[in-house]
Amino acid sequence: MNKKKIILAYSGGLDTTCAIPWLKDNGYDEVICFSANLGSEFSPEDLERRGIQTGASKVIVKDLREELARDYLIPGLKANLIYENKYLLATAYGRPLIAKYLVECAHAEGVNTVGHGCSAKGNDQVRLDVTVKMLDPALKIVAPLRYWELSSRESEIEYAEKKKLPIKLSKEKIYSIDKNIWGIAVECGALEDLGNATPEDSYVMCRRIEDTPDEPDYVSIEFLKGVPVALNGKKMSFLEITENLNEIAGKHGIGRTDMIEDRIVGIKSREIYEAPAGWTLIHAHKDLESIVLDRETLAFKEIVALKYSQILYQGLWYTRLRESLAAFVEKTQEKVTGIVTVKLFKGNLIVTSRQTPYSMYKMNLATYGDGDEYIRENAEAFIDLYAMPFLEK
Ligand code: ARG
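Report on the accompanying structure.

What counts and what doesn't
- Residues numbered from 1 in each chain as written.
- Predicted model: local features only at pLDDT ≥ 70, side-chain atom pairs only at ≥ 80, totals over all residues.
- Heavy atoms only, no water.
- Helix = DSSP H or I, 4+ residues; strand = E, 2+ residues; numbered from the N terminus.
- Contact = heavy atoms within 4.5 Å.
- Areas by Shrake-Rupley, 256 points an atom, 1.4 Å probe, with all protein chains shown as cover.
- Lys, Arg positive; Asp, Glu negative; His and termini not counted.
- Charge placed at Lys NZ, Arg CZ, Asp CG, Glu CD.
- Near = heavy atom within 4 Å.
- Polar contact = N/O pair within 3.5 Å; in protein donor to acceptor, adjacent residues only side chain to side chain.
- Nonpolar A, V, L, I, M, F, W, Y, C, P; charged D, E, K, R; others polar.
- Pairing = 2+ DSSP bridges.
- Axes fitted to C-alpha atoms, helices over the stretch in contact; angles between N-to-C directions.
- Patch = residues over 30% accessible without salt bridge, like charges linked within 9 Å, V, L, I, M, F, W, Y side chains within 5 Å.
- Salt bridge = Lys/Arg side-chain N within 4 Å of Asp/Glu carboxyl O.
- Buried < 20%, exposed > 50% of the residue type's maximum accessible area, 1.4 Å probe, protein only.
- Phe/Tyr/Trp six-rings, centres within 6.5 Å; stacked < 30°, edge-to-face > 60°.

Looking now at the overall build of the protein chain. Tallying secondary structure elements over the protein chain gives 12 helices and 14 strands in all. When contacts within the protein chain are restricted to residue pairs at least 6 apart in sequence, those whose partners lie at least 24 apart make up 71%. Accessible area for the protein chain stands at about 19700 Å²; split by element, carbon and sulfur atoms hold 52% of it. On the protein chain, the mean spot of the 51 positive side-chain charges and the mean spot of the 59 negative ones are 4 Å from each other.

The local shell around the ligand holds 13 residues, among which Y87, N123, R127, S176 and E261 are the closest. The separation between an oxygen atom of the ligand and a polar side-chain atom of N123 is 2.6 Å. For the ligand, the accessible surface in isolation is 350 Å², of which the surrounding protein chains cover 89%. When contributions to the shell around the ligand are tallied by element, the ones reaching two or more residues are α4 (90–109), α5 (124–135), β6 (176–180), β7 (183–187) and β12 (268–274). Classifying every residue of the shell around the ligand by side-chain character gives 3 nonpolar, 3 polar and 7 charged.

On to the sheet that holds strand β14 (residues 348–355). Strand order in the open sheet formed by 5 strands is β10-β9-β8-β13-β14, with antiparallel pairing between adjacent strands. One side of each edge strand has no neighbouring strand; the edge strands of this open sheet are β10 (234–235) and β14. As judged from the 2 bridges shared by strand β9 (residues 227–231) and β10, these two strands associate in the antiparallel manner. Within the sheet, the bridge partner assigned to L231 lies in β10 and is K234. Packing against the sheet, helix α7 (residues 238–251) makes contact with β8 (217–224), β9 and β13 (338–345), and its axis sits at approximately 65° to β9.

Moving on: a nonpolar patch on the surface. Taken together, the side chains of I264, V265 and I267 define a hydrophobic patch exposed on the protein surface, amounting to about 200 Å² of accessible area. Within the secondary structure, I267 is located in the loop between β11 (256–262) and β12. Look at I267 and you get partly exposed, because its relative accessible area is 35%.

Right, let's get into the pattern of salt bridges. This structure, assessed with the given rule, holds 28 salt bridges. Of the charged contacts in the structure, one is a salt bridge between E200 and R208, with a shortest N-O distance of 2.8 Å. The class for E200 is exposed, based on a relative accessible area of 54%. Three or more residues are tied together by salt bridges with common partners; here these are R95, D124, R127 and D178.

Below, the discussion takes up the packing of aromatic side chains. This structure, assessed with the given rule, holds 11 aromatic pairs. Their ring planes at 70° and their centres at 6.2 Å tell us that Y93 and W317 sit as a pair that is edge-to-face. Residue Y93 is found in helix α4, and its partner W317 is found in the loop between α9 (295–313) and α10 (320–332); the two are separated by 224 residues along the sequence. No difference in accessibility class separates Y93 from W317, as the two residues are buried.

So, on to unusual backbone geometry. Look at K164: it is not a glycine, yet its phi comes out positive at around 55°. Topologically, K164 is positioned in the loop between α6 (153–162) and β6. Backbone geometry places K225, a non-glycine residue, at a positive phi of 50°.

This is how it looks when you write it as structure tokens:
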């Protein structure tokens, strides 16, 4: 008889670790793990070793950091995507990409079932399922957390201890953590009580403000058509720039947010996010845009960013609407070229200088000093006409 096989999206965390033996106890002869390397806290070697130790027949790890940067993070940066003002969407960017390769892996291995360890109340199950369905509606999707008997993280830890599974959590340190090159998300445990301030042990990439240096650092970021291409005068890849900025901005406590967010399934949840590089890049990018774009494009771009962020959050990356918004954003980036210098200090991002060949800022019009070429007399007639539609008397 044919063996019953499943390809499991595996992160090495508590849920997917418990899922391997559970699937084997519940009808699957073979669990093949697929792990996307998006810059998580676990090394590929570690994942492979622990996956096999947990009972997987094979662990396939694919380095997708370049693809994540090129096809997701860079378009997202051009659009300045932020969900509900506080979340830079690190996890959300990764999910359609993971789903894409999960499907590819199922095809390559000749398996018709894919599985994941997403919780039944989270966004990730929606993002993965919806993308898998869009790419191959014939694949069966198995999500044990939606119906297994392990109804809490505590009971999963007991299960893992009983089965001697290699996990790095305990009931004391029970956070669910998802990390990639764009940032980290921390949830669960003590955070669920809104009366609790951010616990000290929940800081990962960012220092607490109390522990940040008393001297600032300055970073200059060069953009070419909306894409960061150099840091402090040195040409670097997007990945290198992000890595460097995570380090240096994280040291200054930049990019940490604590929020109550609205999930797709309708519940509100408390989340802690850290994205030092992401916040620095978006801050600098927006600043440059404010110089090279006209006010109508800037204002419309804000509306696009709001909708685009929701689409990404809701797992609808592979849709016509997302592609259409991306095409608009792409067009706006033609002149987003220049260098922005940012001071990093005590959790703050302060732009100290900007240079661009496409500046729409005209000092001879803006100045209150000598050399003013603005025609002051025109203002009165302009305002007469400008006010006209609103005059009721
Ligand atoms: N709430 C965030 C989101 O939906 C973070 C999810 C974190 N995921 C995780 N598996 N820990 O994007």
